[in-house]
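Here's the letter readout for the chains.
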Amino acid sequence: MRELTKAEEQVMLILWEMKEGLVKDVIDKMEPLKPAYNTVSTVIRVLEGKGFISHNAIGNTHIYFPLISEEQYKHFAFDKVMNNYFENNYQSLVSFLVKEKNMDMEELDELIALAEKLKNKK
């Protein structure tokens, strides 16, 4: 799996939400400054080439749908962040969150409880 560009990620977020759709449907879901049809169509073709989406053809119409789930991409993106920025060390990640996001003790306790719960599931 490869990392998505900002434009590709925007299209994927919409397709994950819609489950399937036409280029026009994707554009309709975009923010007020909507890109040109050809721009979105190009991004969709690139995503198809990367194996993120596919389509069903009905006459001249193409209905696009994700091949990679949002959950699969989240795992990929999180692993990349962990490897590149935290040396795959969860203590470094938690330390960063506590320092940079000004977590209070209650949030920290919730995070520790979640970690313990997940650890006990293994």
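Whatever comes next refers back to the structure up there.
The model shown is predicted, which means the values in this text are computed figures rather than measured ones.

> I tried to follow helix α5 (residues 90-100) on my own but got confused; where do I start?
Side chains that are three or four residues apart share a direction in an α-helix, a result of its 3.6 residues per turn. N-capping of α5 is provided by Asn89, with a side-chain oxygen placed 2.8 Å from the backbone N of Gln91. Where α5 terminates, the next one or two residues include Asn102, which has phi positive at roughly 50°.

> I would appreciate a short explanation of the packing of helix α4 (residues 70-86) against α5 in the present structure.
Two packed helices can be described by the angle between their axes and the distance between those axes. Relative to each other, α4 and α5 sit at 90°, their axes nearing to 10 Å. Taken together, α4 and α5 sit at an angle that is classed as roughly perpendicular. Of the residues in α5, those touching α4 at Phe78, Met82 and Phe86 are Tyr90, Ser92, Leu93 and Phe96. Across the contact of α4 with α5, the residue classes tally to six nonpolar, one polar and no charged.

> How should I be thinking about the nonpolar core in this particular structure?
Formed by 20 residues in total, the largest nonpolar core has its most connected members in Val11, Val26, Ile44, Leu47, Phe52 and Ile53. Residue assignment for this core shows that the elements contributing at least two residues are α1 (6-18), α2 (23-28) and α3 (37-49). The residues contacting Ile44, other than those within four sequence positions of it, are Val11, Val23, Val26, Ile53 and Tyr64.

> Explain the side chain of Glu8 here, please?
If you trace the backbone, Glu8 turns up in helix α1. Looking at Glu8, its side chain comes within polar contact range of the main-chain nitrogen of Thr5, at 2.9 Å. At 2.8 Å, the side chain of Glu8 and the side chain of Lys50 are in polar contact. In this structure Glu8 touches Glu3, Val43, Val46, Leu47 and Lys50, once residues within four positions along its chain are discounted.

> Please explain α3 as it appears in this structure.
Taking 1.5 Å of rise per residue, 13 residues should cover 18 Å, and α3 covers 18 Å from first to last C-alpha, within 8% of that figure. In this fold, the buried residues of α3 make contact with α1, α2, β1 (53-58) and β2 (61-66). Positive phi appears at Gly51, one or two residues downstream of α3, with a value of about 85°.

> When you look at the pattern of salt bridges in this model, what are you seeing that I'm missing?
Any two side chains of opposite charge can pair, so long as their charged atoms come close to each other. Following the criterion strictly, the structure yields four salt bridges and no others. Between Glu8 and Lys50 there is a salt bridge, with its nearest N and O atoms 2.8 Å apart. One end of the pair, Glu8, is in helix α1; the other, Lys50, is in the loop between α3 and β1, and 42 residues separate them in sequence. Residue classification places Glu8 among the buried residues on the basis of a relative accessible area of 6%.

> So what exactly am I meant to see when it comes to the packing of α1 against α3 here?
The contact between α1 and α3 brings their axes to 10 Å, and the two run at 85°. Taken together, α1 and α3 sit at an angle that is classed as roughly perpendicular. Every residue of α3 that contacts α1 at Ala7, Glu8, Val11 and Met12 is listed here: Val43, Ile44, Val46 and Leu47. Of the residues contributing to the contact of α1 with α3, the split by class is seven nonpolar, no polar and one charged.

Cut-off values and rules
- Residues numbered from 1 in each chain as written.
- Predicted model: local features only at pLDDT ≥ 70, side-chain atom pairs only at ≥ 80, totals over all residues.
- Heavy atoms only, no water.
- Polar contact = N/O pair within 3.5 Å; in protein donor to acceptor, adjacent residues only side chain to side chain.
- Helix = DSSP H or I, 4+ residues; strand = E, 2+ residues; numbered from the N terminus.
- Axes fitted to C-alpha atoms, helices over the stretch in contact; angles between N-to-C directions.
- Parallel < 35°, antiparallel > 145°, perpendicular 65-115°, else oblique.
- Contact = heavy atoms within 4.5 Å.
- Nonpolar A, V, L, I, M, F, W, Y, C, P; charged D, E, K, R; others polar.
- Core = buried A, V, L, I, M, F, W, Y, C linked by side-chain atoms within 4.5 Å.
- Buried < 20%, exposed > 50% of the residue type's maximum accessible area, 1.4 Å probe, protein only.
- Expected span 1.5 Å × (residues − 1).
- Salt bridge = Lys/Arg side-chain N within 4 Å of Asp/Glu carboxyl O.

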